[in-house]
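Okay, here's what each chain looks like letter by letter:
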Amino acid sequence: MLYGLTISLVMPCRNEAKHLARMVAAIPDFYDEIICVSNKSTDNTVAIGRQLEKLYPRFHLLVDDRVVSGIGYGFAHMTGISRAKSSIIVCADSDGTYPIEDLPRILGIMKNRSLVFASCSRYPDKNIPFTLQLGVKVLNLEIFFLYAIIIHDSLSGMWVFERSVVPSLHLTEGDWNLSPQIKLNAHKYLGDRFGEIKVTQRTRLGETKQSYVKTGLGHLKWIFKNRFTQREGIQSAD
Ligand SMILES: Nc1nc2c(ncn2[C@@H]2O[C@H](COP(=O)(O)OP(=O)(O)OP(=O)(O)O)[C@@H](O)[C@H]2O)c(=O)[nH]1
Ligand SMILES: [Mg+2]
């Protein structure tokens, strides 16, 4: 509970067993509910999640093994979001990269700017590798030319929003493309109640498994296609 608001944290999770316990132990008390959604984990993520459920009543481990071309990041988010009960939902990766402890500041800015959806932008940040920054910049530019939206971090994986706006987000993408979709739809359906707030990213816990070029090209294609064909509706595992 923060500023009189209940808070749910939703985290997609694949093969994060090595540091899940450490990460969950460090989550601030103001999160009333922590929902971790494993997708096709092949390590001990689910078993460790079950142990954590016994230790922490606010922690829930869900499993959603649906995938699109092997990826279930979007499905995991949609399932977690549809199960979240609090008035504020925070979505963030479970690899320790996003500053979830920064929520009091973020909510303060949202209140001042009358935002109901904030995407937490990692850019500009000179410490992030140049090639990654360049990839995100190309996608930001694509969004600018196709949608006339100025966005600094089209791929941020941390979003803070009121639960009441979930139906307006029209989430459908089961793979990585949920990330650009949530921002484009928030902008489309919420107008100036959508905004970006700068955060500072940390180094990932554990090794990266991301195929940056493949995922980036997938985003480039999806952002283009989405401009001309849009599907609507949230999909959950139920
Ligand atoms: N549920 C689910 N989670 C995933 C999947 N792939 C990755 N994740 C999780 O989603 C988050 C983002 O994935 P990452 O592998 O960190 O991808 P990234 O942030 O683009 O890349 P790096 O952090 O640089 O490795 C992490 O918390 C992963 O555990 C998936 O297919 N399904
Ligand atoms: Mg990551």
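Before any of the text, the structure's been laid out above.
The structure contained in this document is the topic of the report that follows. It should be emphasised that the depicted structure is a prediction, and the values quoted were computed from it without experimental measurement.

This part takes up the overall build of the protein chain. Tallying secondary structure elements over the protein chain gives 8 helices and 7 strands in all. Summarising its shape, the C-alpha atoms of the protein chain cover approximately 50 × 40 × 40 Å along the three principal directions. Residue burial in the protein chain is summarised as follows: out of 238 residues, 50% are buried. Taking contacts inside the protein chain between residues at least 6 apart in sequence as the whole, the part at least 24 apart equals 81%. Where the 29 positive side-chain charges of the protein chain centre and where its 23 negative ones centre are 2 Å apart.

Let us look at the site of ligand 1. The environment of ligand 1 is made up of 18 residues, and the closest members are Glu16, Gly72, Arg204, Thr208 and Tyr212. Within the side chain of Glu16, one N or O atom sits 2.5 Å away from an oxygen atom of ligand 1. Protein chains bury 88% of the 620 Å² of accessible surface belonging to ligand 1 in isolation. Along the lines of polarity and charge, the residues of the shell around ligand 1 split into 8 nonpolar, 5 polar and 5 charged.

On to the packing of aromatic side chains, then. In total, this model carries 6 aromatic pairs according to the counting rule given. An angle of 40 degrees between the planes, with centres 4.8 Å apart, marks the rings of Tyr73 and Trp176 as tilted. In this pair, Tyr73 is assigned in helix H3 (residues 73-83) and Trp176 in the loop between helix H6 (166-169) and helix H7 (178-190), connecting sequence segments 103 residues apart. For Trp176, a relative accessible area of 28% translates into the label partly exposed.

Under the counting rule described, the total for this entry stands at 8 salt bridges. Between Glu33 and Lys85 there is a salt bridge; the shortest N-O distance is 3.4 Å. On the criterion of sequence distance, the pair formed by Glu33 in strand S2 (residues 33-38) and Lys85 in the loop between H3 and strand S4 (88-91) is long-range, its members being 52 residues apart. Accessibility expressed as a relative area gives 60% for Lys85, which makes it exposed. A salt bridge links Arg105 to Asp102; the nearest nitrogen and oxygen atoms lie 3.0 Å apart. Classification of Arg105 by relative accessible area gives partly exposed; the value is 37%. Overlapping salt bridges bring together Glu16, Asp95 and Arg204 as one network.

A few words now on the packing of helix H1 (residues 17-25) against helix H2 (residues 45-55). For the pair H1 and H2, interaxial distance at closest approach is 9 Å and the crossing angle is 20 degrees. One element, H1, and the other, H2, form an angle in the roughly parallel class. Handedness of the crossing formed by H1 with H2: right-handed. Here H1 contributes Ala17, Leu20, Ala21 and Val24 to the contact with H2, which in turn contributes Thr45, Ile48, Gly49 and Leu52. Residues of the contact of H1 with H2, tallied by class, amount to 6 nonpolar, 2 polar and no charged.

So, about the nonpolar core. Counting 33 residues, the largest nonpolar core has Ile89, Phe117, Trp159, Phe161 and Leu169 as its most contacted members. Setting aside residues no more than four positions away along its own chain, Ile89 makes contact with Ser8, Val10, Ile81, Ala84, Trp159, Val160, Phe161, Arg163 and Val166. Of all hydrophobic cores here, the second largest spans 32 residues; its members include Leu2, Cys13, Ile27 and Tyr31.

Okay, the pairing of S4 next. Because side chains alternate across S4, one face comprises the buried residues Ile88 and Val90, and the other comprises Ile89 and Cys91, equally buried. Bridge count for strand S1 (residues 7-13) against S4 is 4 bridges, and the pairing is parallel. Its bridge partner lying in S4, Ser8 is registered against Ile89. Bridging between S4 and strand S6 (residues 159-162) involves 4 bridges; their strand directions are antiparallel. Bridging from a neighbouring strand, Val90 pairs with Val160 of S6.

Across 3 bridges, strand S5 (residues 117-121) lies against S6 in antiparallel orientation. Note on S6: the bridge partner recorded for Ser119 is Trp159.

Here we come to a nonpolar patch on the surface. Side chains of Phe130, Leu134, Val138, Val213, Leu217 and Leu220 sit close together on the surface and give an oily, nonpolar patch of about 600 Å² of accessible area. Of all the secondary-structure elements, those providing two or more residues to the nonpolar patch are helix H5 (130-147) and helix H8 (212-228). For Val138, a relative accessible area of 42% corresponds to the partly exposed category.

How each quantity is defined
Residues numbered from 1 in each chain as written. Chains lettered and ligands numbered in written order. Predicted model: local features only at pLDDT ≥ 70, side-chain atom pairs only at ≥ 80, totals over all residues. Heavy atoms only, no water. Helix = DSSP H or I, 4+ residues; strand = E, 2+ residues; numbered from the N terminus. Buried < 20%, exposed > 50% of the residue type's maximum accessible area, 1.4 Å probe, protein only. Contact = heavy atoms within 4.5 Å. Lys, Arg positive; Asp, Glu negative; His and termini not counted. Charge placed at Lys NZ, Arg CZ, Asp CG, Glu CD. Near = heavy atom within 4 Å. Polar contact = N/O pair within 3.5 Å; in protein donor to acceptor, adjacent residues only side chain to side chain. Areas by Shrake-Rupley, 256 points an atom, 1.4 Å probe, with all protein chains shown as cover. Nonpolar A, V, L, I, M, F, W, Y, C, P; charged D, E, K, R; others polar. Phe/Tyr/Trp six-rings, centres within 6.5 Å; stacked < 30°, edge-to-face > 60°. Salt bridge = Lys/Arg side-chain N within 4 Å of Asp/Glu carboxyl O. Axes fitted to C-alpha atoms, helices over the stretch in contact; angles between N-to-C directions. Parallel < 35°, antiparallel > 145°, perpendicular 65-115°, else oblique. Left-handed = near helix turned anticlockwise from the far one by under 90°. Core = buried A, V, L, I, M, F, W, Y, C linked by side-chain atoms within 4.5 Å. Pairing = 2+ DSSP bridges. Patch = residues over 30% accessible without salt bridge, like charges linked within 9 Å, V, L, I, M, F, W, Y side chains within 5 Å.

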